[in-house]
Amino acid sequence: MSVAALPETQGLLEALIAGQLPDARGRFGPFGGRYVPETLIPPLERLARGVREHLHAREFQAELAAQLTSWVGRPTALTHAARLSGRWGAQLWLKREDLAHTGAHKINNAIGQALLARRLGARRIVAETGAGQHGVASAAACARLGLPCTVYMGAVDMERQAPNVGRMRLLGATVVPVTSGDRTLRAAIDEALRDWVSDPLGTYYLLGSVVGPHPYPYLVRELQAVIGREARAQMLAATGRLPDAVIACVGGGSNSIGAFHAFLADGAVEIIGVEAGGRSPKLGDNAATVAYGRPGVLHGTYSMLLQDADGQVQETHSVSAGLDYPGVGPEHALLAAIGRVRYETASDAESLAGVRALSEYEGILPAIESAHALAAAERWARAHPGGTVLVCLSGRGDKDMPTLQQTLLAAPAS
Ligand SMILES: *Cc1c(COP(=O)(O)O)cnc(C)c1O
């Protein structure tokens, strides 16, 4: 990627570590910002003010900490994967976000933003969802706080992810099918933004990853950074040192940014983000945005993007619905450009093998998303015998049983 050569990326790692990014315009170096219609500027400004005023205030942090401890189940465990370590030749440690309430890291963000919404006086919440995991986390957080919740979901996704639609409804949310555009996550985000604009004072838009216009990439990163803060302290307590490498899967990029942030200043720690390599490196066959994309604007932010030669955003493919997004958070685009994080891919097949390995050797059925990070961890371990690697296990795999039935558990073709 030629962006690495830009002089404007110099000194940005130091600025990021010092907490100076995003800047006042919401930029992570050349990336990020706010590319939205005029009507969205006032509500985004109001949200940014609310974030500045409350997010790091003592009272809000106490409220958040209480929910994280008593309801989400934090701190989540750090698990030594002893049998896989023996097989792979390096010590594998897992940060267990699969043990968080609703089964993934997404709840850290959902409960944090729902608390913020209540503090800002919102009367209702809107959210988008693709595979349904963020919708479920949002519905649960809203039920907990007594806030009405409307979730926009592509009609195609509603069919593919029927169990999560049922979960959201049981949790009291209204699920609205989106039949416009591509009838998947992209169109659902557009609809949620439209709803927000029609009632910007009474409604709060609860976005699910480190994407979208400023201040969302910053807000969601701050709420997910608890993953890396806990994991860093837990690694020091368990092993007396930092890991040699930290690895996480990258969809929009929230569990990975959350896991990485506490380690950015630890220069000796290698940091690796793993994107969905899908079926092949061909456009349309994967969702590996940093690996195969080019800079462009999607959903209000300037970042890396899977697009064709004319700038048309491309459909993506991944066996894991949670990684199936053509964009990525602007902070990842910066971390790639300055070389602090290396981005790799894991294919559908490698990730399914990762699901099998963790299930059979450690008694943990991981989400297929998380198994992308495991596939990269196996590669890293075999290349670094005796080393220590920490993997962010972003979620549990129960939700993936229909896909696993059709793949790993399907009878071999005769
Ligand atoms: C949604 C999801 C992801 C991808 O989202 P990020 O914002 O990149 O973290 C990864 N793992 C699981 C289990 C998910 O539910």
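Placed above this text is the structure.
The following paragraphs examine the structure supplied in this document. In this text the structure is predicted, and so the values were computed from the model without any measurement. (Residues numbered from 1 in each chain as written. Predicted model: local features only at pLDDT ≥ 70, side-chain atom pairs only at ≥ 80, totals over all residues. Heavy atoms only, no water.)

## Observations regarding the pattern of salt bridges
This is how it is decided: Note on definitions: salt bridges are taken to be side-chain nitrogens of Lys or Arg within 4 Å of carboxyl oxygens of Asp or Glu. Here a helix means four or more residues in a row that DSSP labels H or I, a strand means two or more in a row labelled E, and each is numbered from the N terminus. Burial classes: relative accessible area under 20% of the type maximum marks a residue as buried, over 50% as exposed, and values in between as partly exposed (1.4 Å probe, protein chains only).
Applying the stated criterion to the full structure yields 25 salt bridges. Of the charged contacts in the structure, one is a salt bridge between Arg119 and Glu63, with a shortest N-O distance of 3.3 Å. Of the two residues, Arg119 is situated in helix α5 (residues 106-119) and Glu63 in helix α3 (residues 58-72); the sequence distance between them amounts to 56 residues. Look at Glu63 and you get partly exposed, because its relative accessible area is 25%. Arg74 is the salt-bridge partner of Glu230, the closest N and O atoms lying 2.9 Å from each other. Linking Glu230 in helix α11 (residues 226-239) with Arg74 in the loop between α3 and β3 (78-81), this pair joins segments that are 156 residues apart in sequence.

## As for α3
The criterion, for reference: To estimate how far a helix should reach, multiply one less than its number of residues by 1.5 Å. It is the directions from the helix axis to the C-beta atoms whose arc is reported.
With 15 residues, α3 extends 20 Å between its outermost C-alpha atoms, agreeing within 8% with the 21 Å of an ideal straight helix rising 1.5 Å per residue. Here α3 has its buried residues at Phe60, Leu64, Gln67, Leu68, Trp71 and Val72. Projected down its long axis, α3 shows its buried positions confined to an angular sector of 110 degrees, all on one face. Opposite the packed face of α3, turned more than 90 degrees from it, sit the exposed residues Arg58, Glu59, Thr69 and Ser70. Looking at the residues trailing α3, positive phi occurs at Gly73, about 95 degrees.

## Comments concerning the packing of α3 against helix α6 (residues 133-145)
Let me state the cut-off plainly: Every axis corresponds to a line fitted to the C-alpha atoms, with the helix fit spanning only the stretch in contact, and the corresponding angles, defined between N-to-C directions, vary from 0 to 180 degrees. Roughly parallel covers angles under 35 degrees, roughly antiparallel covers those over 145, roughly perpendicular covers 65 to 115, and oblique covers all other angles. Two residues qualify as a contact provided that any one of their heavy atoms is within 4.5 Å of a heavy atom in the partner residue.
Interhelical geometry of α3 versus α6 gives an angle of 110 degrees and a closest axis separation of 13 Å. With respect to each other, α3 and α6 are oriented roughly perpendicular. Along its contact with α3, which presents Gln67, Ser70 and Trp71, the element α6 presents Ala140, Ala141, Arg144 and Leu145.

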